Amino acid sequence: QVQLVESGGGLVQAGGSLRLSCAASGSMFSFYHMGWYRQAPGKQRELVAGFTSGDSTMYADSVKGRFTISRDNAKKMVYLQMNSLKPDDTAVYYCNAIHLLTRSEYWGQGTQVTVSS
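Values in this document were obtained by computation on a predicted structure and should not be read as measured data.

Student: Would you explain the side chain of Ser21 in this entry?
Tutor: Assignment of secondary structure puts Ser21 in strand β3 (residues 18–25). Take Ser21: its relative accessible area is 14%, and that puts it in the buried class. Setting aside its immediate chain neighbours within four residues, Ser21 contacts Val5, Glu6, Ser7, Trp36, Met77, Val78 and Tyr79.

Structure follows, in structure tokens:
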């Protein structure tokens, strides 16, 4: 199993940037698919960015060209660089891990991102 802790959220003006971090512990980082989700009030949780098989990346259409997911396996960290932020990006952002073999799913506690107009 793995434990996930997000950090880096906060208040930022539209057009600004923010870098979210997800720290993993408890299991080998390479055993998991990693991704970022977000959930705004009154909306369903949605996939923002993630790593697919072969460590290719995928992004929601709404964030393509603005967000970048990356990771450091040695440090057991996953990052989400968010540029050109918009008010619609306001949400709680969650780190997600899925075990490659068991498909067990894990979530962090979330970090709030608020983008002001």
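Student: Looking at this model, I keep getting lost on the pairing of strand β8 (residues 77–82). Mind explaining?
Tutor: Along a regular strand, successive side chains alternate from one face of the sheet to the other. Summarising burial for β8: five of the six residues are buried, a large majority. Alignment of β3 against β8, held across six bridges, turns out to be antiparallel. Residue pairing for β8: Leu18 is matched across the bridge by Met82. Inspection of the sheet shows strand β7 (residues 67–72) paired to β8 by six bridges, in the antiparallel sense. Bridge pairing in β8 places Asp72 opposite Met77.

Student: Sorry, what's going on with the sheet that holds strand β1 (residues 3–7) here?
Tutor: The pairing of strands in a sheet comes from backbone hydrogen bonds and takes either a parallel or an antiparallel form. If you trace the four strands from one edge of the open sheet to the other, you get β1-β3-β8-β7, paired in antiparallel fashion. Across the chains shown, the open sheet's two edge strands, defined by having one partner strand only, are β1 and β7. Each adjacent strand pair in this sheet contributes to an overall mean axis angle of 15 degrees, direction not counted.

Student: Sorry, what's going on with the state of the cysteines here?
Tutor: Put plainly, a disulfide is one covalent bond tying together the sulfur atoms of two cysteines. Inspection of the entire model under this criterion finds one disulfide. Paired by a disulfide, Cys22 and Cys95 hold their sulfur atoms 2.0 Å apart. On the S-S bond that ties Cys22 to Cys95, the torsion sits near -80 degrees, and the link is left-handed. One end of the pair, Cys22, is in strand β3; the other, Cys95, is in strand β9 (residues 91–99), with 73 residues separating them in the sequence. When its relative accessible area of 0% is taken as the criterion, Cys22 is described as buried. We classify Cys95 as buried; its relative accessible area is 0%.

Student: I'm lost on the environment of Lys64 in this one. Help?
Tutor: Along the chain, Lys64 falls in the loop between β6 (57–59) and β7. Measuring from C-alpha to C-alpha, the distance between Lys64 and Gln3 comes to 28 Å, with 61 residues separating the pair along the chain. Of note is the side chain of Lys64, whose polar atom sits 3.1 Å from the side chain of Asp61.

About the criteria used
Residues numbered from 1 in each chain as written. Predicted model: local features only at pLDDT ≥ 70, side-chain atom pairs only at ≥ 80, totals over all residues. Heavy atoms only, no water. Helix = DSSP H or I, 4+ residues; strand = E, 2+ residues; numbered from the N terminus. Buried < 20%, exposed > 50% of the residue type's maximum accessible area, 1.4 Å probe, protein only. Contact = heavy atoms within 4.5 Å. Pairing = 2+ DSSP bridges. Axes fitted to C-alpha atoms, helices over the stretch in contact; angles between N-to-C directions. Disulfide = S-S within 2.5 Å. Polar contact = N/O pair within 3.5 Å; in protein donor to acceptor, adjacent residues only side chain to side chain.

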